[in-house]
Amino acid sequence: MRTCALLLFLVACTERPPPAAPPAAEADLVLPIPARSQAPEAPPAGWCGETAIQEGLLYLGRSVSQRAINRAGKPAHPDLYATEIPIALKELGVRFTRYPGGRGYEGFRRWVVDALAAGHPVLAGVKLVPSAHPTWGLDHFVLVVGHGKKGLLVNTTWGYRAWVAEDGASGLSLEGAFYGYRLDGLAR
């Protein structure tokens, strides 16, 4: 049973070519969190969760390597899965709030906009478009750092930012969004 449940939360963080950088002028709000790339020593599946957590930690004032973040999540495999993200956050002393809503873009977007307005980035799960695994609940982790008319602005973990909404035009989609952790601060 556990294996079946985990299939919904597997991620594939392989690198994608960067699109043109989204103009900051199109954003209504952007937190000052630079986009980072996954570490060179990341496994072939990538360290997207580790990178998103690292970006959030740097914003909160703590520098931690992606390797240390990976170890903090105690994964049974080379990269963090959705169920291990909160384990890593707790181990690293991050206070966080899980998205309390159901599936769907609009409710998720409103929750994220409120978090950003309060100065809190959101670690989110997105779908890759097209997805090699359409039955998975999410394929990739990102850090949401802004919002605007085009959707939510995310650090992709590939060293650049992209707008993400339901349509998947950027190669990432929040259609059926359900996975998010607002990073509220450091506990210690």
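Residues numbered from 1 in each chain as written. Predicted model: local features only at pLDDT ≥ 70, side-chain atom pairs only at ≥ 80, totals over all residues. Heavy atoms only, no water.

K.L.:
What is the right way to look at unusual backbone geometry in this model?
P.N.:
Residues Val129 and Pro130 are joined by a peptide bond in cis, for which omega reads -5 degrees. With respect to the helices and strands, the residue Pro130 is situated in the loop between strand 3 (122-128) and strand 4 (140-148). Notably, Lys74 is not glycine yet its phi reads approximately 50 degrees, a positive angle. Tracing the sequence through the fold places Lys74 in the loop between helix 3 (66-72) and helix 4 (85-91). For Lys74, a relative accessible area of 54% corresponds to the exposed category. The backbone phi angle of Thr157 is positive, close to 75 degrees, even though this residue is not glycine. If you trace the backbone, Thr157 turns up in the loop between strand 5 (151-155) and strand 6 (161-164). Given the relative accessible area of 0%, Thr157 is considered buried. (Helix = DSSP H or I, 4+ residues; strand = E, 2+ residues; numbered from the N terminus. Buried < 20%, exposed > 50% of the residue type's maximum accessible area, 1.4 Å probe, protein only.)

K.L.:
Mind showing me how you'd approach the nonpolar core here?
P.N.:
Considering soluble globular proteins, one finds that nonpolar side chains tend to be buried as a cluster. Grouped together as the largest cluster of nonpolar side chains are 51 residues, with contacts concentrated most on Ile53, Ile85, Phe108 and Tyr179. Ranked by residue count, the leading element in this core is helix 5 (residues 105-117), at seven residues. For Phe108, the contacting residues outside a window of four places in its chain are Tyr99, Ala124, Leu152, Leu174, Ala177, Tyr179 and Gly180. (Core = buried A, V, L, I, M, F, W, Y, C linked by side-chain atoms within 4.5 Å. Contact = heavy atoms within 4.5 Å.)

K.L.:
What should I look at first to understand the pattern of salt bridges in this one?
P.N.:
A side chain of one charge can pair with a side chain of the opposite charge if their charged atoms are brought near each other. Evaluated as defined, the whole model comprises six salt bridges. Lys150 is the partner of Glu26 in a salt bridge, and the nearest nitrogen-oxygen pair spans 3.2 Å. Remark: Lys150 occurs in the loop between strand 4 and strand 5 and Glu26 occurs in the loop between helix 1 (2-7) and strand 1 (27-30); sequence separation between them is 124 residues. Residue classification places Lys150 among the partly exposed residues on the basis of a relative accessible area of 45%. Close ionic contact of Lys127 with Asp139 constitutes a salt bridge, the shortest N to O distance being 3.1 Å. Here Lys127, found in strand 3, pairs with Asp139, found in the loop between strand 3 and strand 4; they are twelve residues apart in sequence, far enough to count as distant. For Asp139, a relative accessible area of 1% puts it in the buried group. Through salt bridges with shared partners, one network takes in Glu106, Arg109 and Arg110. (Salt bridge = Lys/Arg side-chain N within 4 Å of Asp/Glu carboxyl O.)

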